[in-house]
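Fold and contact review
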Amino acid sequence: MRAALILTFSVLTSASSGPRDLILSGMLDDLRWPDFSDFRADVNSFYEPDGYALAWSRDGLIAHQALSVIDVLKEAESKGLNPEDYDASRWAARLAHPDFVRFDIALTICAMRYVSDIHDGRWNPGIYRSGLSVHGEHYELAQIIRRLAKDWDTRSVLAEIEPPFPAYQRTQAALQSYLALARTDDCKSLPPAKLPIEPGSSYPGVPRLAALLQRIGDLPAGAPPPTEYSETLVEAIKRFQLRHGLDVDGRIGKNTFAQLNIPLSHRVHQLQLTLERFRWASHEFPRPPIIVNIPEFQLRALNGSYATELQMKVVVGEAYRHQTPVFAAELKYLTFRPYWHVPLSITRAELLPKLKRDRRYLALNGFEIVTANDEVLTDAEITDALFTKLRSGQLSIRQMPGPKNSLGLIAFLFPNEYSVYLHDTPVPELFSRSRRDFSHGCIRVQQPVRLAQWVLRDQPEWTRERIAEAMHGERTLQVDLKAPIPVLIVYATAVVLGDGEVQFFDDVYGFDAQLDALAAKGYPCARWIPTNNAPGPRPRE
């Protein structure tokens, strides 16, 4: 019984060091991760105001609040965290034979680590090459731990500091389901097939395939056991393909086989990483944000309750050469019929070789040469001297507005150090692909008019008709927003929709693998440190 855990102890261990000395040392060898120097100032701030009095025991009794916090630490897996990072397996022994001073400090440190992890994430995104260090909320860690040590409702206190988004809560619920599934997963692969499995064909792995699809919810429970790859299984595979970012054709080819054979423990890991990335972002926004998820190739515009109000496909940067960065910024204005100022890297790598082969290339494709002040060199002769100036950046190339412009007929601008923006595209056929990493880094949107309507929704003079008129007009036009709109470019290979459907996507940029490599270095990881993004000048395509 729980009451039995509240023990009375008659003798304090005489060998205990004083709390202040232990705290200032920054080391406590009782812990799984003894070095707590990154939390030393916070731990000291917790104890110093009360003269380093113990916080988690009262008159020889372990406080109820301490036991409640320990229960939460043991259940850290439900939050996508590792309970052993908070000494989950060590608390029973500490309760049975306590050294009150060391017990107190150990619990304070573990509670601080847990609170920091569920609020900010385990990893500092700055050391992971992420520009998503955008927390605006200030919180005093020592004050939160002080509340935990005095409040009887531990879980309510902790709930206040977690990300408040419905999608975060849905991801936690999905994690519980997949943890249960993974515990009974035998991790056996489906029998291989030399050729893609077509509807109606025989396949020896049908029983295992059907069982797997039933377990993960793509095949209705209680369906008769199929003996061949029949229509029922085909429909289940189509649903599976839709949830995993595959071509929905009902055929079990190489890519579908690969996804079917991924262990459920890996799906658990993907959900854990999604929860981690939720914690990196700001927990509140001045206006409903626009979110682009790179592995999903999707854009969502949210409402005031953080539910999806608008969704569309996007094309993002190529995985091998032009990855779209993860960052946050503010959308401040739209440009109708934009010019595209070609980045120097693209000029050197792509346009100059084409221009060398055909001196008419720029003119035939709507490009012009400009000075640093955007003065057009209308009669510039394509000479070796001109090539030298273009290669050095003394002169640059821009593409004139129009339907062939690489930015399309509208661009959504949010200043950032990467020169990455949202924009229209002259090649909409790419949206029919299941994998859509084709750009130089910027993000092409499938429905630019609908996005413009949403962005300009509080400027009623900008009707759909006027937006279309500006896109197909004769001049370049900038429209400033009344208030900036937050834009988050994120990276999540697991997404839980509003109806609870769980979707998984390939680690197209290898960012999940990079986090795994960071985690392998052990805990505690570097703590979160805010960084500022400097504005960038002009969009990449």
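As shown above, the structure is provided for reference.
None of the values given here were measured: they were computed from a predicted structure.

Inspection of the secondary structure assignment puts D218 in the loop between helix 9 (206-215) and helix 10 (231-243). Overall, D218 belongs to the buried group, its relative accessible area being 5%. Among the polar contacts made by the side chain of D218, one reaches the side chain of R243 at a distance of 2.7 Å. Ignoring anything within four residues of it in the chain, the contact list for D218 reads L213, A236, R239, F240 and R243.

The next point concerns the nonpolar core. By size, the foremost hydrophobic cluster in this structure holds 48 residues, and its most contacted members are I290, F412, L422, L451 and V455. Judged by nonpolar contacts, the second largest core, of 47 residues, contains F36, V72, I145 and A149.

Taken together, the 3 strands give an open sheet; going across it, the order is 7-9-8, and neighbouring strands pair in antiparallel fashion. For this open sheet the edge positions go to strand 7 (340-341) and strand 8 (367-370), each flanked by a neighbour on one side alone. Examined bridge by bridge, strand 7 and strand 9 (residues 396-399) share 2 bridges and lie antiparallel to one another. Paired with H341 across the bridge in strand 9 is R398.

Turning our eyes to something else, we now look at the packing of helix 13 (residues 344-357) against helix 15 (residues 384-392). Relative orientation of the contacting elements helix 13 and helix 15 amounts to 160°, with a least axis distance of 9 Å. Taken together, the axes of helix 13 and helix 15 lie roughly antiparallel to each other. Two secondary-structure elements touch here, helix 13 through L344, T347, R348, L352, L355 and K356 and helix 15 through F387, L390, R391 and S392. Considering only residue class, the contact of helix 13 with helix 15 consists of 5 nonpolar, 2 polar and 3 charged.

Thresholds, definitions, all that
Residues numbered from 1 in each chain as written. Predicted model: local features only at pLDDT ≥ 70, side-chain atom pairs only at ≥ 80, totals over all residues. Heavy atoms only, no water. Helix = DSSP H or I, 4+ residues; strand = E, 2+ residues; numbered from the N terminus. Buried < 20%, exposed > 50% of the residue type's maximum accessible area, 1.4 Å probe, protein only. Polar contact = N/O pair within 3.5 Å; in protein donor to acceptor, adjacent residues only side chain to side chain. Contact = heavy atoms within 4.5 Å. Core = buried A, V, L, I, M, F, W, Y, C linked by side-chain atoms within 4.5 Å. Pairing = 2+ DSSP bridges. Axes fitted to C-alpha atoms, helices over the stretch in contact; angles between N-to-C directions. Parallel < 35°, antiparallel > 145°, perpendicular 65-115°, else oblique. Nonpolar A, V, L, I, M, F, W, Y, C, P; charged D, E, K, R; others polar.

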